[in-house]
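Below, each chain spelled out in residue letters.
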Amino acid sequence: MLLRMSTLLLKTLREEPADAEVPSHRLLLRAGYVRRAAPGGYTWLPLGKLVLDRVTAVVREEMTAAGGQEVSFPALLPREPYDVSGRWTEYGDDIFTLQDRRGADHLLAPTHEEMFTLLVQDMTSSYRDFPLVLFQIQTKFRDEARPRGGLLRGREFLMKDAYSFDLTDTGLAEAYQRMREAYQRVFERLGLEHTIVSAVSGAMGGSASEEFLATSEVGEDTFVGCTACSYAANTEAVTTPVGVTGTSDLSLEVHDTPDTPTIASLVDHANAHRLRGRADWTAADTLKNVVVTVHHPGREPELLAIGVPGDREVDMKRLNAALAPATATLFDDFASRPDLVKGYIGPQGLKVRYLADPRVADGTAWLTGANELGRHATGVVAGRDFTPDGTIEAAEVRAGDPCPGCADGTLTIRRGIEIGHIFQLGRRYTEAFKLDVLAADGKPVRPTMGSYGIGLSRAVAAVAEQHHDERGLVWPRAMAPADVHVVAAGKDGQVEAALTLGATLSRAGLRVLVDDRANISAGVKFTDAELIGIPQAVVVGRRLADGYGELRDRRTGERRELPLVDIAGVITAGLG
């Protein structure tokens, strides 16, 4: 492959794009890889398409090596299969829906579990057809409320989704492990530093699931690790050790606490007025009660109160993960519910469903609201004065919290970009569609499924986040749009020499980009080369008369002057 910048559809930018929020977004725009077409939608320019195709090729190779067979479904799908699975309603506003001219409902597919299940139902009948792994590489659509981060969170994106079908749970576990290992190979080949963490399944359904998170400070996911063991989980999946059952025999007392609608003001008042003879109250002694509106797909909203220790905030992402497929928003219409006194809500006598943090164990006593304006209560004992309707994982997770996986470690917190997610779906979809095949004994058996997704366009952005410096992108070779960037300084036949060298390198099996632009200064060409980020650059310049060029390594900055006739051999040897 030989590309000439004089004819390439490419425009680099000197200034930072005003709407670009993260490094990958800024650099992919500035270096001419993508162009914004609409909110959450991007056009892949020639260099960007080469990078995306490289990622796609790596993923396709590893999926095929893991036993996958590639198919391709339409993106425009009928409503009926998603009604059968329940996901037409569960997805709510997160999917694009439309009607055809006959009034029939359709959607732009966010994922294809239903269609893969129907395909297998149509084309298999016997145990001899299994195990089976199918995958596709296709554009997906989700109606993101706030697209952001360029390719990191868009409304249209390229994804690889694969699905395994097995007749036993053991077979599913084996397929899941093969795919897990294939994912590790993919991300290692792409040069992505990543962590595998336990995750929640959300609208996908199923039991076990894990995310592959590329470490990045701009990542939207937070995940934890342990200082003493191998435990790792998305914060949405972290479980809280159940609180120790208390033995409090304190009586419940109500106190006047004017102007104390916040935990901080309440603690200050309690200490200043020595409630129950104490001056050592802390936020951890209080019980914070937050009211939310829960929006259930296809049902009327309901009010729900969440109780967490007062030194913790309610994490809305954890709350929504726990309630999925329902979603929650903070309740603010207190005028319509005089029984809910904002800032003074207590769990005793509540007339709404109440779920508590696992630390709110029976027998533990709390300082909490008295459900009257300007009044709080002490000695409010769980299991005596109130009984939660259940527990919920909604409190924020903090660095230093005890590890759920061992007795010795504490949690550390990092940020990451979700680049892959794998699920043991089980039989949710085969049950919904009544997919049965005949077993060896002639009796019907219902297959079990796994689902495995990789965001290909997001992977491009994730690599850009991990592989850049102050001058521009620094692509790993597996993803780079070319192996070598030949830069003609522009004088005394240097352009012709650069094109000749480019042709030689191309015949040696290298992918080559030649900067043969006229009337562009050497300085601008060098700046563009660093911005574009191809692993190796060759400068054809001041020593051309001597038959030498300068080989530059984009990552290390190393520069070597070499005979032009030797450069192809040096580069190919280095690629080894």
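Structural notes, computed from the coordinates. (Residues numbered from 1 in each chain as written. Predicted model: local features only at pLDDT ≥ 70, side-chain atom pairs only at ≥ 80, totals over all residues. Heavy atoms only, no water.)

Examining the overall build of the chain
Right, so step 1: The helix and strand tally for the chain stands at 13 helices and 32 strands.
Right, so step 2: Taking the principal axes of its C-alpha atoms as reference, the chain extends roughly 95 × 70 × 55 Å.
Right, so step 3: The buried share among the 576 residues of the chain stands at 52%.
Right, so step 4: As displayed, the chain has an accessible area near 25,300 Å², and 50% of this comes from carbon and sulfur atoms. (Helix = DSSP H or I, 4+ residues; strand = E, 2+ residues; numbered from the N terminus. Buried < 20%, exposed > 50% of the residue type's maximum accessible area, 1.4 Å probe, protein only. Areas by Shrake-Rupley, 256 points an atom, 1.4 Å probe, with all protein chains shown as cover.)

So, the pattern of salt bridges
Right, so step 1: A full pass over the atoms with the stated rule returns 52 salt bridges.
Right, so step 2: The shortest N-O distance in the salt bridge between Arg-180 and Glu-210 comes to 2.9 Å. Here the residue Arg-180 occupies a position in helix α6 (residues 169-189), and Glu-210 occupies one in strand β11 (residues 209-215), the gap between them amounting to 30 residues.
Right, so step 3: The buried category is assigned to Glu-210, whose relative accessible area is 15%.
Right, so step 4: A salt bridge links Glu-302 to Arg-353; the nearest nitrogen and oxygen atoms lie 2.9 Å apart. Taken together, the residues Glu-302 in strand β16 (residues 302-309) and Arg-353 in strand β18 (residues 353-356) connect sequence positions 51 residues apart.
Right, so step 5: Its relative accessible area of 23% is what places Glu-302 among the partly exposed residues.
Right, so step 6: A network of salt bridges, in which partner residues are shared, links Asp-469, Glu-470, Arg-471, Glu-530 and Arg-554. (Salt bridge = Lys/Arg side-chain N within 4 Å of Asp/Glu carboxyl O.)

Description of the nonpolar core
Right, so step 1: Counting residues in each nonpolar core, the largest one holds 60 residues, and the members touching the most others are Tyr-33, Tyr-452, Val-460 and Trp-475.
Right, so step 2: No other element matches α6, which puts eight residues into this core.
Right, so step 3: If sequence neighbours within four positions are ignored, Trp-475 has contacts with Leu-28, Tyr-33, Val-51, Val-460, Val-463, Ala-464, Ala-480, Pro-481, Ile-532, Gly-533, Pro-535 and Arg-555.
Right, so step 4: Core analysis: the next-biggest nonpolar cluster, separate from the first, contains 23 residues, Phe-130, Phe-165, Val-437 and Val-445 among them. (Core = buried A, V, L, I, M, F, W, Y, C linked by side-chain atoms within 4.5 Å. Contact = heavy atoms within 4.5 Å.)

Quick word on the sheet that holds strand β20 (residues 375-381)
Right, so step 1: Taken in spatial order, the three strands line up as β14-β20-β19 in an open sheet, and their pairing is antiparallel. Only two strands of the sheet have a single neighbouring strand rather than two, namely β14 (253-256) and β19 (365-372). Between one strand axis and the next, the sheet turns by 30° as a mean value, whatever way the strands run.
Right, so step 2: In the sheet, β14 pairs with β20 via four bridges, with the strands oriented antiparallel. Directly across from His-255, in β20, lies its bridge partner His-376. (Pairing = 2+ DSSP bridges. Axes fitted to C-alpha atoms, helices over the stretch in contact; angles between N-to-C directions.)

Some points on the side chain of Glu-113
Right, so step 1: Locating Glu-113 in the fold gives a position in helix α5 (residues 113-123).
Right, so step 2: For Glu-113, a relative accessible area of 0% translates into the label buried.
Right, so step 3: Looking at Glu-113, its side chain comes within polar contact range of the side chain of Thr-111, at 2.7 Å. (Polar contact = N/O pair within 3.5 Å; in protein donor to acceptor, adjacent residues only side chain to side chain.)

Describing helix α2 (residues 46-65)
Right, so step 1: The terminal C-alpha atoms of α2, which comprises 20 residues, lie 28 Å apart, in line with the 28 Å expected from a rise of 1.5 Å per residue.
Right, so step 2: For α2, every residue scored as buried is listed here: Leu-47, Gly-48, Val-51, Leu-52, Val-55, Thr-56, Val-58, Val-59, Glu-62 and Met-63.
Right, so step 3: Trailing α2 by a residue or two, Gly-67 shows a phi angle of about 100°, which is positive. (Expected span 1.5 Å × (residues − 1).)

As for unusual backbone geometry
Trans is the prevailing form of peptide bonds, just as negative phi is the prevailing case for residues other than glycine.
Right, so step 1: Across the junction of Phe-130 and Pro-131, the peptide omega takes the value 0°, indicating a cis bond.
Right, so step 2: In this structure, Pro-131 sits in the loop between α5 and β8 (132-141).
Right, so step 3: Put simply, Ala-324 and Pro-325 share a cis peptide bond, and its omega is 10°.
Right, so step 4: Here Pro-325 shows up in the loop between α8 (316-323) and β17 (327-330).
Right, so step 5: Residue Asp-259 is not a glycine yet carries a positive backbone phi of 55°.
Right, so step 6: Mapping Asp-259 onto the fold places it in the loop between β14 and α7 (263-272).

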